Amino acid sequence: STRNALLQALFELEARTRAFRVLPQLLGRAITSRFRMSLSEEPSVSSLTLEGDAKGDAKKKKKEQEKAEKAAQRGVKAAIMTAPEADDPLADKYGDAPLVQSQAQSGRVWTDVSALSASLKDQEVLLRGRVHTVRGKGKSAFIVLRQRTATAQVVLFANDTTVSKGMVKYASQISRESIVDVVGLVTVPDKPIESCSQSDVEIQCRGIKVISRAAALPFEVTDAARGEAEVKAAAEKGELLVTVGQDNRLNNRFLDLRTPANQAIFRVQSAVGQIFRTYLLAKDFIEIHSPKLIAGASEGGAAVFKLDYMGQPACLAQSPQLYKQMAIAADCERVFEIGPVFRAEQSWTHRHLCEFMGLDFEMAIHEHYYEVLDVIEGLFQSIFDGLATTYAKELAVIQTQYPFDMPVFKPLRLTFAEGIALLKDNGYPDVDPLGDLSTELERALGKVVKARYGTDFYILHRYPLAIRPFYTMPCPDDAAYSNSYDVFIRGEEIISGAQRIHDPELLTERAKVWGVPLETIASYIDSFRLGAAPHGGAGVGLERVVMLYLGLDNIRKTSMFPRDPKRLAP
């Protein structure tokens, strides 16, 4: 009776826990083994039943495993579907396109995604873009198509007339970031598509072909495009959103640059260069191109990249400074250059790079270096106005990921001594009146200036002579100071400039003070021995201007492929 009671209890337990079959089987085998040892070696009907269940479970498990393997195989095949289904009457409407090898020109016209609007309602368009996101559900598929900063939703609904089930299946399995051609009808949805920049339209797909298929991604562009505000808001709700770290971004910069904000950042950077060039050309400047391989340091000091030049010691130019001045001595009068600048500095800050793009200009002056400051103020008035108006759309795109307040431009000039006085009056009594300003002090002065004068842009001039390059002209009334200046945006320096020494004897004297080997700058000094006009100029860091205008926290965001002390690739 005890044996029967135990077996009955076991059967009831198995029935109640059928979903967890492993545990009952183990218990059953253990109990059966004990009964056999204590009561009889002859197997009972009940024990045979347990063994039969175990064998049946093993067969069932094997069948389920085989089924899962077949399903996985079907999934792999589906994930790489590249051609239409053979019996599909709409087979010519989808599938991977042949490799573009300039076979022929069809005469077709592509429409930019950014040009899509309700005015194109009921018109058929041909689009090319990247698959930003894709979602398939039964007989429908939804794709967000991205082209640079613009996005639009493309929809497919199987109806066997214009869209087949095979077409939906193919579209649903296109990998993100693949480049596709889409033929579709422009429609106006009942509600705006808030997730897309072209929110007032939706594209009813009539054909889709992959031009270039993307492999597995190191990270999703949607994750890289996610702003800090979105991440913070989700965290407050207890949600964890994926973000992409700076090193991962820079290691895969060619992917990171695809985000709408990055696309807009480098359009803004391009605009700054264009405005710089256009403004100076209108002021009768000419563009020059100076060598980047030079015999000696162009700025003095040791922060140069040294190299062997056909057996001669050489270095990469720290700036086009010496050649701009020689151009003035050659009667060019007003010159500018846009080109790379190299600094071998171990600077691990948010605003320094070992290679950056310099916007430099030099000009002859008649009486005073203020003539240069007038050009600088006019130039930045044009940059600020041009970005705020012509590039308002790009600024809006950037603000979706990196929110910022538009900088205020009101021309302001302060002497270095006046800047020191402001710092002393506002919590920095020990600041050195003849020392260079640290990053902390520059930012502090920027806050004081913004509070008192209401501007994010100002010029600080008459710097101490001891902290300026050897070719800087000393002040006529105080040898401790110089005719030099820095320009600031949001409390950080963007420009360094000065009236240059055009007298060869004074220039030689100052070079000796700085310890610059005279033999390395002999041709530079000689260029002033045949008569040279008084002149001055400035050097602007392009990446830094863009970073500070946009209120970004790191200059690597505004350098397409940044070079810092540890990064030489990609």
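Residues numbered from 1 in each chain as written. Predicted model: local features only at pLDDT ≥ 70, side-chain atom pairs only at ≥ 80, totals over all residues. Heavy atoms only, no water.

An unreviewed UniProt entry lists the protein under the name aspartate--tRNA ligase, with Chlamydomonas leiostraca as the source organism. Per its UniProt entry, the protein bears the Subcellular location (unreviewed entry) comment "Cytoplasm". UniProt, in its Catalytic activity (unreviewed entry) section for the protein, records the words "tRNA(Asp) + L-aspartate + ATP = L-aspartyl-tRNA(Asp) + AMP + diphosphate". (UniProt positions renumbered as here; feature names shortened; annotations may be inferred.)

*Asks:* Hey, could you go over the overall build of the protein for me, with residue numbers and the actual values?
*Replies:* A tally of regular secondary structure across the protein gives 17 helices and 16 strands. Burial analysis of the protein (570 residues in total) assigns 46% to the buried set. Once local pairs closer than 6 in sequence are excluded, the contacts in the protein between residues at least 24 apart make up 68%. As presented, the protein carries roughly 29200 Å² of accessible surface, and 54% of it is formed by carbon and sulfur atoms. (Helix = DSSP H or I, 4+ residues; strand = E, 2+ residues; numbered from the N terminus. Buried < 20%, exposed > 50% of the residue type's maximum accessible area, 1.4 Å probe, protein only. Contact = heavy atoms within 4.5 Å. Areas by Shrake-Rupley, 256 points an atom, 1.4 Å probe, with all protein chains shown as cover.)

*Asks:* Please provide a residue-by-residue account of helix α13 (residues 416-425), values included.
*Replies:* Every buried residue belonging to α13 is among Phe-416, Gly-419, Ile-420, Leu-422 and Leu-423, and all of these are buried. End-on, the buried residues of α13 take up no more than an arc of 160°, which puts them together on one face. At its buried positions, α13 is contacted by β12 (413-415), α14 (439-453) and β13 (457-461). Just beyond α13, the residue with positive phi is Gly-427, at close to 95°. (Arc of directions from axis to C-beta.)

*Asks:* Any chance you could break down helix α12 (residues 392-401) for me, citing the residues and the numbers?
*Replies:* Every buried residue of α12 is listed here: Glu-394, Leu-395, Val-397, Ile-398 and Gln-401. Taken down its axis, α12 places every buried residue within 160° of arc, on the same side. The outward face of α12, more than 90 degrees from its buried face, is lined by the exposed residues Lys-393 and Thr-400. Contact partners of the buried residues in α12: α5 (221-224), α6 (228-236), α7 (246-251), α9 (260-282), α11 (370-390) and α17 (542-549).

*Asks:* Which residues make up the pattern of salt bridges, and what values go with them?
*Replies:* With the rule as written, the count across this model stands at 30 salt bridges. Note that Arg-146 and Glu-177 form a salt bridge whose closest N and O atoms lie 2.9 Å from each other. With a gap of 31 residues between them, Arg-146 in strand β2 (residues 140-147) and Glu-177 in the loop between α4 (165-172) and β4 (179-187) connect regions that are remote in the sequence. Here Arg-146 falls in the buried class, since its relative accessible area comes to 3%. Residues Arg-176 and Glu-220 are paired through a salt bridge, measuring 3.5 Å at the closest nitrogen-oxygen approach. Here Arg-176 is found in the loop between α4 and β4, whereas its partner Glu-220 is found in the loop between β5 (202-212) and α5, with 44 residues between them in sequence. Classification of Glu-220 as partly exposed rests on a relative accessible area of 28%. Among the ionic contacts, a cluster of salt bridges with common partners joins Lys-324, Asp-360, Glu-362 and Arg-500. (Salt bridge = Lys/Arg side-chain N within 4 Å of Asp/Glu carboxyl O.)

*Asks:* Describe the environment of Glu-345, with residues and values.
*Replies:* Positionally, Glu-345 belongs in the loop between β10 (334-342) and β11 (355-364). Counting along the chain gives 41 residues from Glu-345 to Val-304, while the straight-line C-alpha distance between them is 7.8 Å. Ignoring anything within four residues of it in the chain, the contact list for Glu-345 reads Ala-303, His-352, Cys-354 and Pro-565.

*Asks:* Go over the sheet that holds strand β8 (residues 306-309), please, and point to the residues and values.
*Replies:* One open sheet holds the 3 strands; their spatial order is β7-β9-β8, and the pairing between them is antiparallel. Looking along the sheet, the strands with just one partner apiece sit at the ends: β7 (293-294) and β8. In this structure, β8 lies alongside strand β9 (residues 312-316), joined through 4 bridges in antiparallel fashion. Bridge pairing links Asp-308 to Pro-313 in β9. (Pairing = 2+ DSSP bridges.)

*Asks:* Please give an account of the packing of α11 against α12 that cites residues and values.
*Replies:* Between two packed helices, what matters for the description is the angle formed by their axes and the separation of those axes. Interhelical geometry of α11 versus α12 gives an angle of 80° and a closest axis separation of 5 Å. The pairing of α11 with α12 is recorded here as roughly perpendicular in orientation. Counted together, Leu-387, Ala-388, Thr-389 and Thr-390 of α11 and Ala-392, Glu-394 and Leu-395 of α12 form the full contact between these two elements. Residues of the contact of α11 with α12, tallied by class, amount to 4 nonpolar, 2 polar and 1 charged. (Axes fitted to C-alpha atoms, helices over the stretch in contact; angles between N-to-C directions. Parallel < 35°, antiparallel > 145°, perpendicular 65-115°, else oblique. Nonpolar A, V, L, I, M, F, W, Y, C, P; charged D, E, K, R; others polar.)

*Asks:* I'd like a rundown of the pairing of β4, residues and numbers included.
*Replies:* For strand β1 (residues 124-137) and β4, the ladder comprises 7 bridges, and the chain directions are antiparallel. Looking at the pairing, Gly-129 lines up with Val-180 of β4. In this structure, β4 lies alongside β5, joined through 9 bridges in antiparallel fashion. Following the sheet pairing, Thr-187 is matched in β5 by Glu-202.

*Asks:* Tell me about the sheet that holds β11, residues and numbers included.
*Replies:* Two orientations exist for strands paired in a sheet by backbone hydrogen bonds: parallel and antiparallel. With mixed pairing, the 8 strands of this open sheet are ordered in space as β6-β10-β11-β16-β15-β14-β13-β12. Looking along the sheet, the strands with just one partner apiece sit at the ends: β6 (286-287) and β12. In this structure, strand β15 (residues 492-499) lies alongside strand β16 (residues 535-541), joined through 5 bridges in antiparallel fashion. Along β16, the bridge assignment pairs Ile-495 with Val-540. The sheet strands contacting α9 are β6, β10 and β11, and the helix crosses β10 at an angle near 155°. α14 contacts β12, β13, β14 (484-489) and β15 of the sheet and is inclined by roughly 120° relative to β13.

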